[in-house]
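Fold and geometry: a report
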Amino acid sequence: MKDALAIHRWLLAHQVHHEIVRLPRAMTSVRELPDLLSVSPATCVEVTVFEVTTRIGREPVAVVSTVGTPPASGVVGGIVGARRVRPATAFAVNSVTDYAAGLVCPLLLPETLPVLVDERLSRTAQVVHTPTGERRTALRIRADHLLALVPGKTIGLVQSRSRREPATFPLAG
């Protein structure tokens, strides 16, 4: 499993200013981060992994968004042209991300995992917080620096599914 030290070393190697924050108590999910740090949910970044079923088969897709605006499975399904979308099981999240479920960092995700990034994150240079894969630490980093390192496709996740045409988004395969 990936952890805070792996993220810290990787960010140092890329010369990115960041801070590993020690949390006052352990968390089991990124959803607890706003309360633990007394920050807005809009400044806490989460990774949600979905299992999508397309004509090709079932594939995982990761979505990077804020805790305050989690992705809707219907919107994700419309973007990737899926027949069915459901949250991935904890086992699947652990397997495809190499992070503990609920504590997935958007950095160091496998290259084979398709990643969608909520475009609202790209509109700011404010400081955001994200899990590190560990229960007692979080990463503090500027949003623009974080997104420059996330290998994903920026997508508008607020539009309704009925107004969208499926994007050409290659799933792992």
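Being a predicted model, the structure only gives us computed values, none of them experimental.

1. Details of the nonpolar core
By size, the foremost hydrophobic cluster in this structure holds 27 residues, and its most contacted members are Leu11, Val64 and Leu107. Looking at this core, the elements that each hand over two or more residues are α1 (4-13), β2 (45-53), β3 (58-66), β5 (115-118), β7 (137-142) and α5 (143-149). Those residues within four positions of Leu107 in sequence are excluded, and the remaining contacts are Ile7, Trp10, Leu11, Tyr99, Leu139, Leu146, Leu149 and Val150. Formed by 13 residues, the second largest nonpolar core is a distinct cluster that contains Val52, Val61, Val76 and Ile79.

2. A few points about α1
For α1, every residue scored as buried is listed here: Ala4, Ile7 and Leu11. Relative to the axis of α1, the buried residues are bounded by an arc of 65° and lie together on one face. Facing away from the buried surface of α1 by more than 90 degrees, the exposed residues are Arg9 and Ala13. The secondary structure elements touched by the buried residues of α1 are β1 (19-22), β7 and α5. Phi for Gln15, located one or two positions after α1, is positive at around 55°.

3. Some points on the layout of surface pockets
Put simply, the largest pocket is a space of about 250 Å³. Taken together, 15 residues line the largest pocket, and the ones lying closest to its centre are Glu46, Val47, Thr48, Val49 and Gly102. For the lining of the largest pocket, the leading source of residues is β2, giving four residues. Of the residues assigned to the lining of the largest pocket, the class counts are ten nonpolar, three polar and two charged.

4. A short note on the sheet that holds β1
Strand order in the open sheet formed by three strands is β1-β7-β6, and the pairing between neighbours is antiparallel. Of all the strands in the sheet, just β1 and β6 (127-131) have a single pairing partner and so form its edges. Across the sheet, the mean angle from the axis of one strand to that of its neighbour is 35°, orientation sign disregarded. Here β6 runs beside β7; their pairing, made up of five bridges, is antiparallel. Bridge pairing in β7 links Val128 to Ile141. Each of β1 and β7 touches α1; the most contacted strand, β7, lies at about 25° to it.

5. A look at the sheet that holds β5
Adjacent strands of a sheet form backbone hydrogen bonds with each other and so pair up, either parallel or antiparallel. The mixed open sheet is built from five strands, whose spatial order is β4-β2-β3-β5-β8. One side of each edge strand has no neighbouring strand; the edge strands of this open sheet are β4 (84-87) and β8 (153-155). When the angles between neighbouring strand axes are averaged without regard to direction, this sheet yields 35°. One ladder, built from three bridges, connects β5 with β8; its direction is parallel. Counted as the bridge partner of Asp118 is Ile155 from β8.

Cut-offs used in this document
- Residues numbered from 1 in each chain as written.
- Predicted model: local features only at pLDDT ≥ 70, side-chain atom pairs only at ≥ 80, totals over all residues.
- Heavy atoms only, no water.
- Core = buried A, V, L, I, M, F, W, Y, C linked by side-chain atoms within 4.5 Å.
- Buried < 20%, exposed > 50% of the residue type's maximum accessible area, 1.4 Å probe, protein only.
- Helix = DSSP H or I, 4+ residues; strand = E, 2+ residues; numbered from the N terminus.
- Contact = heavy atoms within 4.5 Å.
- Arc of directions from axis to C-beta.
- 1 Å grid on protein atoms, 1.4 Å probe; cavity = no way out; pocket = protein on both sides within 12 Å on 5 of 7 lines; lining within 4 Å.
- Points joined across faces, edges and corners; volume = space filled by probe spheres on them.
- Nonpolar A, V, L, I, M, F, W, Y, C, P; charged D, E, K, R; others polar.
- Pairing = 2+ DSSP bridges.
- Axes fitted to C-alpha atoms, helices over the stretch in contact; angles between N-to-C directions.

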